[in-house]
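# Per-entry structural report
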Amino acid sequence: MNNYKRLGDYIQLVDKRNKELAVTKVCGLSMEKYFIPSIANTNTVDLSNYKTVEKGQFGLILMKVGRDNKVSVAILEDEEAVLISPAYHVFEIIDKTVLLPDFLMIWLLRPENDRWLGFISVSSIRGSITFEEFGGIQLPIPDIEEQRKYVALYKGLLNNQKVYKNSLDDLQLICDTYMEDLIKTEESKLLGEYIHQADKRNNDLKIDNLLGISVNKIFIPTKSKKERLNLSNYKIVRPRQFGYVSVTSRNGEKISIAILDAEAGLISSTYTVFQVKNTEELLPEYLYLFFQRTEFDRYARFNSWGSARETFDWADMCEVKLPLPDIKIQEAIVTIYHTLETRKRINEQLKASIKPLCPVLMSGVVEEMEKAEVVG
C-alpha cells in the first residue's frame, strides 16, 4: 500500500542528560508500554548520566526483544520530566504537524509491530534490535485532522478510566488517614503478642502452587520451573496467613510481605510464614493495611541488621508496635479497604479493555486510506 510510510523518516533520537540534576524522578518502561516508577535503589547512583524524557517524547528499550516478542516503548504524558537508564533510548517526532505523537503511540500498541520486531531480532545473539531496525516499522500517516479524530477517540477512553482511578485515590486517602489517626490516638501494642509462626512443610507434595512475594506486597506466581524442584521442603501458606522475606537490602527500600487471599500455596523455605493468633482481637486484613504503609517500609529498613545482606528477622517483627482498636473499628476500615481493592480490579479491567481497541481504531485508519487510494 503506497500510503504506508517508514517510521524512521519521521522520528529522531534525543540524548539529553541530567547534568544539572534538575530531574529526580527515575522511571522504567513496562512491556505493557507504560512509564513505571523505578523500584531500584538510586541513592548511590549517579543520576547525572541518566537520560531525560520530556512530555511528548518516547522512551524505548531495544534489548531482549526476541526473548519477549515485545518492545517496551511509551510516550510520556505527564508535564513533569522523568529519567530513564542511559542504556535506553529517547526519541521524538521530527514534525508534529505531520505526525502526532499520540497517533504514533496508538499504532505502536498494535501487537503486529511487536511480532515483526521480534522476528527481525533473530539475527542478534541477545535478541536485541537497533534503532534503525525499529525505524523500519511501516505505518499509515493520514491527514493531521484525521489523526486528531482517532487520538480524540482514544483519549476519551483513557480520560474515563483516569476519572475512575481518581476515585481510587480518594478511597486510598481515607484508608491512610484513618490508619494515621489510629496511630496517634490508640495505645500501641507489641505485635509479637498477637502473631505466631506457621511452619507447615509440603511433605505429602499435595500442593504445587509455587508463589513469590513482591515488593508491592502481593503474592505472585513464581517463574521457577517446578518440575526441577523438590517441593517437599517448601513452606505452605494458607488463606489469611502472611509470608515475608526477611532480607531487605537491594529491595527498593521496601519489605516484601503479603497476605494470602486465594488458595493455599508454597513459598521458599527461607521465607517466614505467620498468622494472627486470635482473629477476634486482630483482623489479619487490618494488620495487612498497617504493613502496606510506606512508614512501615522505612521502619523495617531502619531496623534491618547485617553486613552484605540486611535482614528484618522474626524477633524484629515481634517488636513492631501497632494501634489495636476495637474489632468493630478494624472491621470498618477493612470494609473500606475491600471496596478499594474491588475498584482497583475494575480499574485494571478498564485499562486492559482499552488497549485491544487500538488495533480496531487503526484498522479504521487503514480502511479509510485504502478507500482514498482506490478513489484516487
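It should be emphasised that the depicted structure is a prediction, and the values quoted were computed from it without experimental measurement.

## What to know about the overall build of the chain
Across its full length, the chain carries 10 helices and 20 strands. In terms of overall dimensions, the chain has a C-alpha envelope of 80 × 50 × 45 Å along the principal axes. Intrachain contacts of the chain at a sequence separation of at least 6 include 81% that bridge at least 24 residues. With an accessible surface of roughly 20300 Å², the chain has 52% of that area assigned to carbon and sulfur atoms. Computed over 49 positive and 53 negative side-chain charges, the separation of the two mean positions in the chain equals 4 Å.

## What to know about the environment of Arg 148
Its location among the elements puts Arg 148 in helix 5 (residues 144-185). Along the primary structure Arg 148 and Phe 103 are separated by 45 residues, whereas in three dimensions their C-alpha atoms are 7.7 Å apart.

## Some thoughts on the sheet that holds strand 16 (residues 242-244)
Judged by pairing direction, the sheet is antiparallel, and its four strands sit side by side in the order 12-19-16-17 without closing on themselves. Strands at the two margins of the open sheet, each flanked by one partner only, are strand 12 (195-197) and strand 17 (257-259). Going from strand to strand, the sheet's axes swing by 25° on average, the running direction of each strand aside. The sheet contact formed by strand 16 and strand 17 spans three bridges and is antiparallel. Looking at the pairing, Phe 242 lines up with Ile 259 of strand 17. Sheet strands in contact with helix 6 (residues 284-292) are strand 12, strand 16, strand 17 and strand 19 (272-276), and its direction is about 155° off that of strand 17.

## Points about the side chain of Thr 272
Structurally, Thr 272 is set in strand 19. If we skip the residues at most four places from it in the chain, Thr 272 touches Gln 197, Lys 235, Phe 242, Gly 243, Tyr 244, Ile 267 and Trp 314.

## Digging into the nonpolar core
Leu 7, Phe 58, Phe 91, Leu 104, Leu 108 and Phe 134 are the most contacted members of the largest nonpolar core, which totals 37 residues. Per-element tally for this core: the top contributor is helix 2 (residues 101-108), with six residues. Apart from residues no more than four positions distant in its own chain, Phe 91 is found in contact with Ile 11, Gln 12, Leu 13, Val 14, Gln 57, Phe 58, Leu 60, Val 73, Leu 104, Phe 131 and Phe 134. Counting 35 residues, the second-largest nonpolar core is a separate cluster that includes Tyr 194, Leu 289, Phe 296 and Tyr 337.

## Side note on the packing of aromatic side chains
In this structure the tally under the stated criterion is 17 aromatic pairs. Note on Tyr 288 and Tyr 337: the rings are 6.1 Å apart at their centroids and 70° apart in plane angle, and the pair reads as edge-to-face. Placement of the pair is Tyr 288 in helix 6 and Tyr 337 in helix 9 (residues 327-354), with a sequence separation of 49 residues. Per residue, the accessibility class of Tyr 288 equals that of Tyr 337, and both read buried. Aromatic ring contacts, followed pair by pair, group Phe 242, Tyr 244, Phe 274, Phe 290, Phe 291, Phe 296, Tyr 299, Phe 312 and Trp 314 into a single cluster.

## Side note on helix 9
An ideal rise of 1.5 Å per residue puts 40 Å on 28 residues; helix 9 measures up with 41 Å between its terminal C-alpha atoms. By the burial criterion, the buried members of helix 9 are Ile 327, Gln 330, Ile 333, Val 334, Tyr 337, Leu 340, Glu 341, Asn 347 and Ile 354. The backbone nitrogen of Lys 328 lies 2.8 Å from a side-chain oxygen of the residue at the head of helix 9, namely Asp 326.

## Describing the pattern of salt bridges
For the coordinates displayed, the defined rule picks out 22 salt bridges. Across the pair Lys 155 and Glu 77 runs a salt bridge, and its minimum N-O distance is 3.0 Å. Of this pair, Lys 155 sits in helix 5 while Glu 77 sits in the loop between strand 7 (72-75) and strand 8 (82-84), and the two are 78 residues apart along the sequence. Between Lys 344 and Glu 341 there is a salt bridge; the shortest N-O distance is 3.4 Å. Pair noted here: Lys 344 and Glu 341 are both in helix 9, with a separation of three residues, about one helical turn. On the basis of relative accessibility, which here comes to 30%, the residue Lys 344 falls in the partly exposed class. A network of salt bridges, in which partner residues are shared, links Glu 180, Arg 293, Glu 295 and Arg 298.

## What about the packing of helix 2 against helix 5?
With their axes 9 Å apart at the nearest point, helix 2 and helix 5 run at an angle of 65° to one another. Between helix 2 and helix 5, the interaxial angle falls into the category roughly perpendicular. Judged by the sense of rotation from one axis to the other, the crossing of helix 2 with helix 5 is left-handed. Each of Asp 102, Phe 103 and Ile 106 in helix 2 lies in contact with helix 5, whose residues at this interface are Gln 147, Tyr 150, Val 151, Tyr 154 and Lys 155.

## Regarding the pairing of strand 7
Residues Ser 72 and Ala 74 point to one face of strand 7 and Val 73 and Ile 75 to the other, with burial holding for every one of them. Bridge analysis of strand 6 (residues 58-61) against strand 7 gives four bridges, and the strand direction is antiparallel. By the bridge assignment for strand 7, Ile 61 is matched with Ser 72.

## A short note on helix 3 (residues 111-120)
Taken together, the buried positions of helix 3 are Asn 113, Asp 114, Leu 117 and Gly 118. Take helix 3 and look down its axis: the buried residues cluster within an arc of 130°, on one side only. Seen from the buried face of helix 3, the exposed residues on the opposite side, beyond 90 degrees, are Arg 115 and Phe 119. Contact partners of the buried residues in helix 3: helix 1 (65-68), helix 2 and helix 4 (131-134).

Each value, and the rule that gives it
- Residues numbered from 1 in each chain as written.
- Predicted model: local features only at pLDDT ≥ 70, side-chain atom pairs only at ≥ 80, totals over all residues.
- Heavy atoms only, no water.
- Helix = DSSP H or I, 4+ residues; strand = E, 2+ residues; numbered from the N terminus.
- Contact = heavy atoms within 4.5 Å.
- Areas by Shrake-Rupley, 256 points an atom, 1.4 Å probe, with all protein chains shown as cover.
- Lys, Arg positive; Asp, Glu negative; His and termini not counted.
- Charge placed at Lys NZ, Arg CZ, Asp CG, Glu CD.
- Pairing = 2+ DSSP bridges.
- Axes fitted to C-alpha atoms, helices over the stretch in contact; angles between N-to-C directions.
- Core = buried A, V, L, I, M, F, W, Y, C linked by side-chain atoms within 4.5 Å.
- Buried < 20%, exposed > 50% of the residue type's maximum accessible area, 1.4 Å probe, protein only.
- Phe/Tyr/Trp six-rings, centres within 6.5 Å; stacked < 30°, edge-to-face > 60°.
- Expected span 1.5 Å × (residues − 1).
- Polar contact = N/O pair within 3.5 Å; in protein donor to acceptor, adjacent residues only side chain to side chain.
- Salt bridge = Lys/Arg side-chain N within 4 Å of Asp/Glu carboxyl O.
- Parallel < 35°, antiparallel > 145°, perpendicular 65-115°, else oblique.
- Left-handed = near helix turned anticlockwise from the far one by under 90°.
- Arc of directions from axis to C-beta.

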